[in-house]
Amino acid sequence: MENISKAIAVTGIIAVLMGIAMAYVERHTDDVNMAFIPLVIGFAVIFVFFYLITKRDDDKYGKIKE
Amino acid sequence: MVDLLTTLNDMIGVWNTYFWRISFVFLIGLGIVFTLKLKGIQITKLGSNAKLAVSGVSEGKGKKKLSSFEAFCISMGARIGVGNIAGVATAIATGGPGAVFWMWIFAIIGSASSFMESVLAQIYKEQKTDEGYHGGPAYYATKGLKSRKLGIFVAILLVLTFGVGFVMVQSCNASNALCGAFEFENNHLVFAAIIAVIAAALVFGGFKIIGKFSSTVVPVMALLWIVFAIVAMAFNAGNIGNAIASIFANAFSIPSILGGGIGTIIITGLKRGVFSNEAGLGSIANVAATSDIKHPIKQGKIQSFGVLVDTLIVCTITALVVLSYGTFEDIIGLGLKGSNLVQAVASSTPMGDAANIIIAIFMFVFAFTSMIGYYTMSESNARFVRDNKITVNTVRIAVIIVAFAAALVTDVTIADNISDTFMAAMAAVNMTIVALLSRQVFEAYADWKKQKKAGIEEPEFHRSVLSDSSGVTEWK
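Scoring rules and cut-offs
- Residues numbered from 1 in each chain as written.
- Chains lettered and ligands numbered in written order.
- Predicted model: local features only at pLDDT ≥ 70, side-chain atom pairs only at ≥ 80, totals over all residues.
- Heavy atoms only, no water.
- Axes fitted to C-alpha atoms, helices over the stretch in contact; angles between N-to-C directions.
- Helix = DSSP H or I, 4+ residues; strand = E, 2+ residues; numbered from the N terminus.
- Parallel < 35°, antiparallel > 145°, perpendicular 65-115°, else oblique.
- Contact = heavy atoms within 4.5 Å.
- Nonpolar A, V, L, I, M, F, W, Y, C, P; charged D, E, K, R; others polar.
- Buried area = accessible area lost by both parts, 1.4 Å probe.
- Salt bridge = Lys/Arg side-chain N within 4 Å of Asp/Glu carboxyl O.
- Polar contact = N/O pair within 3.5 Å; in protein donor to acceptor, adjacent residues only side chain to side chain.
- Patch = residues over 30% accessible without salt bridge, like charges linked within 9 Å, V, L, I, M, F, W, Y side chains within 5 Å.
- Areas by Shrake-Rupley, 256 points an atom, 1.4 Å probe, with all protein chains shown as cover.
- Buried < 20%, exposed > 50% of the residue type's maximum accessible area, 1.4 Å probe, protein only.

### Some points on the packing of helix H2 (residues 36–61) of chain A against helix H20 (residues 438–453) of chain B
At step 1: Following both chains from N to C, one finds H2 of chain A and H20 of chain B inclined at 65°, their axes separated by 10 Å at the closest point. As judged from the angle between their axes, H2 of chain A and H20 of chain B are roughly perpendicular. Facing H2 of chain A, whose interface residues are Phe50, Asp57, Asp58 and Tyr61 of chain A, H20 of chain B presents Ser438, Arg439 and Phe442 of chain B.
At step 2: Here the contact of H2 of chain A with H20 of chain B is composed, by residue class, of three nonpolar, one polar and three charged.

As structure tokens, this is what we get:
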């Protein structure tokens with residue numbers, strides 16, 4: 001597997017872990033607001049995940065012409 | 001036995017929380033990304049999206065394929081369900097009036113995801129032995145990502161979630177709604193038989209019959225619900241201004257009577273919003289694929305509009321019925337949730353007990369049309385695994401038996417939790433697949449815009465506009 005595909009897989013796994021962390025915080029603390037920390041980190045990871053997918057496709061096929 | 005069921009339910013509840021939080025990261029995160037990438041198509045092109053949704057009324061006459069309007073109505077049938085009545089009331093009772101604000105926000109974000117999944121479903125749709133089009137996550141995973149194993153996994157997940165779990169839940173809801181309003185001896189058995197007979201007539205009639213049924217019943221019932229809700233609100237007209245103000249005033253602060261923080265409001269709004277409009281879950285993509293249209297973008301625009309209709313109109317109207325009852329303390333003081341709360345509020349108006357019966361009928365019709373919508377999704381996916389009469393008829397008979405049996409029972413909490421957990425898993429898988437295939441959607445959208453710019457009223461799609469069209473079989 002090429003490096004960029006590996007990076008996509010890793011960011012996907014980190015996003016899943018952030019979801020698990022959110023659920024864990026929600027279930028084990030009284031402060032639901034704390035659950036937003038992993039959620040927001042998860043969003044940031046999703047942005048990287050999508051950026052990598054776009055970059056891989058652009059490298060393969062070129063940029064989409066609008 | 002009861003202890004075992006309680007333990008099982010608690011265990012599933014834990015899994016449910018974990019799976020849904022994983023899904024939230026993907027659903028909202030990718031929803032925001034798609035919204036930005038599509039330049040807010042769901043809002044900036046709202047007018048043209050709405051026009052497309054109703055413009056297909058005359059399409060598809062006399063064919064076994066569905067018009068874009070029929071597909072829109074089936075998807076609205078699946079979307080506009082018990083969640084639009086009971087779900088909204090529960091959101092307000094647990095997250096305060098501000099939860100409605102967050103339902104709106106997540107509907108706007110989710111409609112971009114709905115656009116993406118619907119376009120992909122159209123690009124990778126397949127014509128089956130019934131001459132109709134079928135598609136959805138299983139199809140685009142197999143043909144787009146070239147993974148038949150992943151496709152079969154998703155297809156089986158969908159058949160179990162919708163064909164068994166959700167049919168069970170909706171049939172139970174439909175039957176309970178009627179039994180609550182019309183009490184007589186053996187009423188559960190009578191209503192179970194009625195539900196099974198109508199379901200059998202529709203599922204053996206095929207998608208075209210279901211399309212006709214949904215395109216007739218759904219718009220009428222949605223309009224009637226809006227009329228009924230406006231009448232209920234009119235009796236408390238003096239409180240509507242306050243009701244709207246309370247949604248905004250409580251968007252960032254939860255009423256002290258409930259306790260908790262902003263997290264409670266946002267999570268409640270998010271959960272109820274996703275349950276109601278189903279954006280990004282992969283369910284609506286199955287229906288989006290069934291229509292016979294000239295460009296995949298058309299179905300994407302129609303379905304993204306459907307998400308907004310579901311939440312911004314239908315859910316908001318239900319919310320206003322509840323909130324116009326009085327102060328939030330008055331509402332909480334009733335000590336009710338779900339459809340019982342809506343019934344209590346509506347029957348406190350001069351409509352009296354008649355409101356209870358009317359809401360029960362709406363609950364029955366919405367639950368029934370949702371059930372039929374879910375059936376179409378399971379048939380599409382059963383055809384994906386094996387497209388022959390034996391498989392399809394097995395699914396049809398199983399769905400009718402499940403609908404009949406579930407209509408006899410009063411509580412399907414475990415089935416509800418199991419299907420809900422499967423759905424959460426499916427949402428994360430579906431959104432990941434959509435992200436991996438997103439280039440196809442952006443290329444199709446660039447082509448649509450190019451043709452529109454050139455003055456073409458109804459753009460036509462050719463697979464040559466895609467960089468990789470190897471899995472596309474139904475487009476020239």
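Still more to cover.
### Regarding the interface of chain B and chain A
At step 1: Counting from both sides, the interface comprises 33 residues of chain B and, opposite them, 34 residues of chain A.
At step 2: Interface area, chain B with chain A, both sides summed: about 2,700 Å², of which 77% is carbon and sulfur.
At step 3: The largest per-residue losses of area from chain B upon contact with chain A belong to Tyr18, Val25 and Arg439 of chain B, which jointly make up 25% of the total buried on that side.
At step 4: Counting the contacts that link chain B with chain A gives two salt bridges.
At step 5: Here Arg439 of chain B makes a salt bridge to Asp58 of chain A, at a shortest N to O gap of 3.0 Å.
At step 6: Summed over the shared surface of chain B and chain A, the result is three residue pairs in polar contact (both at pLDDT 80 or more).
At step 7: Sorting the residues of the side of chain B that touches chain A by element identifies helix H1 (2–37), helix H12 (262–277), helix H19 (413–436) and H20 of chain B as the ones contributing at least two each.
At step 8: The element best represented in the side of chain B that touches chain A is H1 of chain B, accounting for 16 residues.

### Considering a nonpolar patch on the surface
Residue and element names in this part refer to chain B.
At step 1: Where nonpolar side chains cluster on the molecular surface, the patch consists of Phe182, Phe184, Val190, Ile194, Ile198, Ile357 and Ile361 and spans about 510 Å² of accessible area.
At step 2: Counting residues per element, the nonpolar patch draws most heavily on helix H9 (residues 187–205), which supplies three residues.
At step 3: For Ile361, the location among the structural elements is in helix H17 (residues 354–385).
At step 4: Ile361 sits in the partly exposed class, given a relative accessible area of 36%.

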